[in-house]
Amino acid sequence: MNGLTIKLEGMKSSYGPGDELSVIATWNSQEAPGPMEIRLFWFTGGMSPQQIGIVEIQTLERSGPSGFKNFKFVLPEGPRSFFGVLASLNWAIEAVAVQSKIHARAIFTVGTEESEGLLYKGAATEERPEE
Amino acid sequence: MQHRGISWRNWFLGLCFIAILVLVGCALGPDFIAALRSYRWKATPCKILRSEVSTYPFSPSVTHYSLKVEYKYSHNGEELHSTRFTTGDRQGSTDVGKAEEAAVRFAPGTHATCYVNPSDPADAVLEHGELWGGLVFLSVFILPVIVMHESIFRWFDGRRGKNRDLNHLPLSERNDALRPELRMVFFGFLGLLIGMALFGFCVAYPLWRWSQSRNWVMTDATVIQCQVKQELSAQHGPEYSLELLYGYDYAGRQYHSGQRTFGMAIDLPVVDLAAWVAAHPVGTAVKCFVDPQHPTEAVLEKNLEIGWVPVALGTLMFGFGILMFGRWWRAWWMGHFLVGKKLTEHCLGKRKNGIEHLRITPPPLLAAIACVFGGMILGAPAYWSLRKGFQALLHWQGDMINLLYGCAAAAGTGWMIYLCGKFLRRAMNPRPVLRVIPGTPSAGGKFEVKWEFQNPKPLEKLRLYLEGVEEAKVRRAMPSMHGEVSEEKTNRSIFLSLPISEDATSKPAGMACVEVPDSAMHSFFGEKCAVRWHIRVNFQSQGGSVLEYKFPITLRPAKK
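Now for a quick tour of the structure. (Residues numbered from 1 in each chain as written. Chains lettered and ligands numbered in written order. Predicted model: local features only at pLDDT ≥ 70, side-chain atom pairs only at ≥ 80, totals over all residues. Heavy atoms only, no water.)

**Considerations on the overall build of chain B**
Move 1: Counting secondary structure elements, chain B contains ten helices and 19 strands.
Move 2: Taken over the C-alpha trace, chain B has a radius of gyration of 34 Å; the compact-globule value for 560 residues is 24 Å, which it surpasses by more than 25%.
Move 3: Taken along the three principal axes of its C-alpha coordinates, chain B extends 105 × 65 × 50 Å.
Move 4: In chain B, which comprises 560 residues, the proportion classed as buried is 42%.
Move 5: Contacts in chain B between residues far apart in sequence, at least 24 positions, make up 72% of those at least 6 positions apart.
Move 6: Total accessible area on chain B stands at roughly 31100 Å², and carbon and sulfur atoms take up 62% of it.
Move 7: Across chain B, 61 positive and 48 negative side-chain charges occur, with their mean positions spaced 9 Å apart. (Helix = DSSP H or I, 4+ residues; strand = E, 2+ residues; numbered from the N terminus. Rg over C-alpha atoms; globule rule 2.2 N^0.38 Å. Buried < 20%, exposed > 50% of the residue type's maximum accessible area, 1.4 Å probe, protein only. Contact = heavy atoms within 4.5 Å. Areas by Shrake-Rupley, 256 points an atom, 1.4 Å probe, with all protein chains shown as cover. Lys, Arg positive; Asp, Glu negative; His and termini not counted. Charge placed at Lys NZ, Arg CZ, Asp CG, Glu CD.)

Structure below.
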């Protein structure tokens, strides 16, 4: 049975721009594993078609049928995660076996400590004054 | 009940399609198959015994010209004769020049090549059959594709989604927003095809022929037939064309031609045609210009008639096709090359460190002037076409093409005039100009806004707001008379509106310091969704109406 897992080390509720992301990818396969890619990307959601923004890809040539490897990524300045009524954006890191397309994914948010990513906030939003 | 209704409608549409297919197949199929088969016939040398152009009535109002020919050839030592020019029952066409050119090529006494049916050697033709009928047959399939294109695209989208789920595609490979859409390719291809066809047939080809006519020789000719022919078209109603035939002598041989000028203007006014026909009755002695290299080619007037309708339509369709392919290419390029740092900079927006000057674009006075020019460009052909159309109506003739396109151009002119008035009013009113320091503020940071008014007047009210808007582009299908179509619309929603200044007793110039909340989402420019910021200026001058302008700004992520 082919197994591929990915885990964020020291998982936080939210990461900030410039933070270092430490990722452990573990695989366990019966056949020759082949190369694997670890992809850091953001993805949009909501009413519009999904857009994927790949920020960085690191490649690994797996030597044995099972093993694990640690990867490090530095998060860019943006974009930050947000959740609106019409659209949303979040981040993910995905391990993909290039040939078989077996994959594992971890989703996380990127933003400031105070920000939960919600666009519409009762405290911060002013009602648009009537003209 | 609704499901049964849809099912009956699909059955009906399917039966109609099959009926059209059968009718077109019966009408064009046998000729097309015979033409196709002739390409496998054996090429055999032959000698032309006699040839002449003959006419025969194709219908009560249409005359066809064909080559009446007899030739002999040998097959397995046996001498055979044939009188067939080409395959199919219809040997001729309305183009007399074509028959004349064939008569010159296959003049009596000349040696040529004929094509012999291997199954029946007595059956031979001088030319392979024309395969144009196949194109008409294909159009039976193309029309339903055009009408049902939205359903076809949706089916492909659904299938792709199912395959993606079945194959468990990784999330990082599901970039739907940057996937080049089939629609863009389809409409781009249609636009380019129609644009090139219009330019090619109505502009480029006549221009080329006219440029080649410098050495054409003037000779005497006599009008044999000259009348305006009326036909009913499904798209434009009654259509008029000139049915002309004149004879001339060149190099000791008599020729016939039906060409009046260079050009295939589809918007040739019927009043002009009728006037020309009245001035050139049957038997009139005229001068014509003959191509010395190809004496079957001749024109009465070396004018270039290019109507504005095919140029305008061709330009629009070609431009639309280029735009669709441009958008397709952009999506492909972004999907393949916009990664890493380039992607981050693209989606966060350009950083401007200095002062950002925000003005109303386009400048109202310039825009008004542009509208005047646009109105003049549209107004001239509108006036010309409508004048010709109404003149035709006075003679009880329906010059629908000039009336239709004249009205469209007139509507365009009216819209230009309306826009010109709108921009002029805007130019006469006070216009805000803003300066933002720094040019690209950050979330969680402060920035200064300075404002002043061009063409200042005392203000009764002035308010400024910093507003954040989320956007999402959504494609929606809707029924139309040409079948289902889809449209991509941008949905917008304001998620934050921060007052900058709400000073009721306002001066025409001022400044304010704005503190952007740390939790505010910065600008994000995605392909199908976005977070945008703008400064909204709402004001009212004394005695004037309330005006509002929005000035876009870029908000960068909070600094660490």
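**Comments concerning helix α4 (residues 149-166) of chain B**
Residue and element names in this part refer to chain B.
Move 1: Between the first and last C-alpha of α4 there are 26 Å, a value that for 18 residues agrees with the 26 Å anticipated at 1.5 Å per step.
Move 2: Every buried residue of α4 is listed here: H149, E150, F153 and R164. One face of α4 carries all of its buried residues, which in axial projection span an arc of 100°. Set apart from the buried face of α4 by more than 90 degrees, the exposed residues are W155, K162 and L166.
Move 3: Two residues or fewer past α4, H168 is found with a positive phi of approximately 50°. (Expected span 1.5 Å × (residues − 1). Arc of directions from axis to C-beta.)

**Concerning the packing of aromatic side chains**
Residues and elements named next belong to chain B.
Move 1: Tallied over the full model, the rule gives 21 aromatic pairs over all chains.
Move 2: Their ring planes at 75° and their centres at 5.7 Å tell us that F153 and F186 sit as a pair that is edge-to-face. Pair noted here: F153 is in helix α4 and F186 is in helix α5 (residues 182-211), with a separation of 33 residues, a long-range link. Per residue, the accessibility class of F153 equals that of F186, and both read buried.
Move 3: Feature note: the residues W329, W332, W333 and F337 constitute an aromatic cluster, connected by ring pairs.
Move 4: One residue, R260, lies across the ring of W276, its end atom 5.2 Å from the ring centre. (Phe/Tyr/Trp six-rings, centres within 6.5 Å; stacked < 30°, edge-to-face > 60°. Lys NZ or Arg CZ within 6 Å of the ring centre and 35° of its normal.)

**Some remarks on a nonpolar patch on the surface**
Residues and elements named next belong to chain B.
Move 1: Side chains of L365, L366, I369, V372, F373, M376, I377 and L424 sit close together on the surface and give an oily, nonpolar patch of about 810 Å² of accessible area.
Move 2: When residues of the nonpolar patch are assigned to their parent elements, the largest contribution, seven residues, is made by helix α9 (residues 364-394).
Move 3: Mapped onto the elements of the fold, L366 is located in helix α9.
Move 4: Residue classification places L366 among the exposed positions, given a relative accessible area of 56%. (Patch = residues over 30% accessible without salt bridge, like charges linked within 9 Å, V, L, I, M, F, W, Y side chains within 5 Å. Salt bridge = Lys/Arg side-chain N within 4 Å of Asp/Glu carboxyl O.)

Function-wise, these values are silent; they only describe arrangement.
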